[in-house]
Amino acid sequence: MDYKKLCEMAIDAMKKSYSPYSGYKVGAALLCKNGKIFTGCNIENAAYSPSVCAERTAIFKAVSEGEKDFAVIAVAGGKDGEIQGAFPPCGVCRQVMAEFCKEDFVILVATGEESFKEYTLKELLPEAFGPAYI
Ligand code: THU
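Thresholds, definitions, all that
- Residues numbered from 1 in each chain as written.
- Predicted model: local features only at pLDDT ≥ 70, side-chain atom pairs only at ≥ 80, totals over all residues.
- Heavy atoms only, no water.
- Buried < 20%, exposed > 50% of the residue type's maximum accessible area, 1.4 Å probe, protein only.
- Helix = DSSP H or I, 4+ residues; strand = E, 2+ residues; numbered from the N terminus.
- Contact = heavy atoms within 4.5 Å.
- Near = heavy atom within 4 Å.
- Polar contact = N/O pair within 3.5 Å; in protein donor to acceptor, adjacent residues only side chain to side chain.
- Areas by Shrake-Rupley, 256 points an atom, 1.4 Å probe, with all protein chains shown as cover.
- 1 Å grid on protein atoms, 1.4 Å probe; cavity = no way out; pocket = protein on both sides within 12 Å on 5 of 7 lines; lining within 4 Å.
- Sits in = over half its atoms within 2 Å of the grid points.
- Nonpolar A, V, L, I, M, F, W, Y, C, P; charged D, E, K, R; others polar.
- Pairing = 2+ DSSP bridges.
- Disulfide = S-S within 2.5 Å.
- Right-handed = clockwise from strand over helix to strand, strands pointing away.

Peer 1: Explain helix 3 (residues 91-100) here, please?
Peer 2: Listed as buried for helix 3 are Cys93, Arg94, Val96, Met97 and Ala98. On its buried face, helix 3 sits against helix 2 (54-64), strand 3 (70-79), strand 4 (106-112) and helix 4 (121-124).

This is the structure we're talking about:
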């Protein structure tokens, strides 16, 4: 799977964002090792704390469909859907990634409509607490 294509899918998913409170639209596209792709967007709530990020929407969609082996996630976001530099995953989403993914899991963060930065989970969440500790 072409990384640029996965970023385009995240940008498409961003358009479905339900974010009337923050105005930040975020989309994610999660590539499973078997080639399946799950997309997600952030979904906010008037009570604020029930809100969920785009990355977790995509991951939870996948897990609820029986997929747990993930290779890459692309994330795109910005105020009013304008991608102006990186919009990297929040700490909670990084922790959820660490539940299912190894250190070499790839995280692509769109920096523009056609550009992205590439990280590993180890880079974004070093010394992660995960299932191995339980
Ligand atoms: N958001 C995400 O969807 N992913 C992240 O990793 C960072 C934050 C969402 C949550 C909220 O709806 C909005 O962006 C502003 O924080």
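Peer 1: Can you walk me through the site of the ligand in this structure?
Peer 2: As a matter of local geometry, the ligand sits amid Ser22, Tyr24, Val26, Asn42, Glu44, Cys53, Ala54, Glu55, Phe87, Pro88, Pro89 and Cys90. A distance of 2.4 Å is found between an oxygen atom of the ligand and a side-chain nitrogen or oxygen belonging to Glu44. Interatomic distance of 2.7 Å between a side-chain N/O atom of Glu55 and an oxygen atom of the ligand. Expressed as a share of its isolated accessible area of 370 Å², the protein-covered part of the ligand is 80%. More than half of the atoms of the ligand fall within 2 Å of the grid points belonging to the second largest pocket. Across the shell around the ligand, the residue classes tally to eight nonpolar, two polar and two charged.

Peer 1: Honestly, the pairing of strand 1 (residues 24-32) in this entry has me stumped. Any pointers?
Peer 2: A regular strand places its side chains on the two faces of the sheet in alternate fashion. Most of strand 1 sits inside the fold, with seven of its nine residues counted as buried. When strand 1 meets strand 3, the two strands line up antiparallel, connected through nine bridges. Looking at the pairing, Leu30 lines up with Ile73 of strand 3. Both strand 1 and strand 2 (residues 37-41) contribute to a ladder of five bridges, which runs antiparallel. Bridge pairing in strand 2 links Leu31 to Ile37. In sequence, strand 1 turns back onto strand 2 through a hairpin of four residues, with Gly35 there showing a positive phi of about 95°.

Peer 1: What's the story with the state of the cysteines in this structure? I'm lost.
Peer 2: Scanning all chains against the criterion turns up zero disulfides. You can see Cys41 has no disulfide; the closest cysteine sulfur is in Cys53, sitting 11 Å from it. Take Cys41: its relative accessible area is 11%, and that puts it in the buried class. The thiol sulfur of Cys93 is not disulfide-bonded, and the nearest other cysteine sulfur, from Cys90, lies at 3.7 Å.

Peer 1: When you look at unusual backbone geometry in this model, what are you seeing that I'm missing?
Peer 2: Note on backbone geometry: most residues besides glycine have negative phi, and most peptide bonds are trans. Backbone geometry at Tyr48 places phi at a positive 65°, although glycine is not the residue there. In this fold, Tyr48 is placed in the loop between strand 2 and helix 2. Within the chain, Asp80 stands out as a residue other than glycine whose phi angle is a positive 55°. Within the element layout of this structure, Asp80 appears in the loop between strand 3 and helix 3. Classification of Asp80 as exposed rests on a relative accessible area of 55%.

Peer 1: I keep staring at the environment of Tyr24 and nothing clicks. Help me out?
Peer 2: Looking at the element boundaries, Tyr24 is found in strand 1. Aside from chain neighbours lying at most four places away, what touches Tyr24 is Ser17, Ser19, Asn42, Glu44, Gly78, Lys79 and Phe87.

Peer 1: Teacher, can you tell me more about the pairing of strand 3 here?
Peer 2: Along strand 3, eight of the 10 residues are buried, which leaves the element largely enclosed by surrounding structure. The pairing of strand 3 with strand 4 spans four bridges and is parallel. Looking across to strand 4, one finds that Ile73 is bridged to Ile107. Viewed along the sheet, the connection from strand 3 through helix 3 into strand 4 turns out right-handed.

By themselves, these observations are geometric and do not establish any function.
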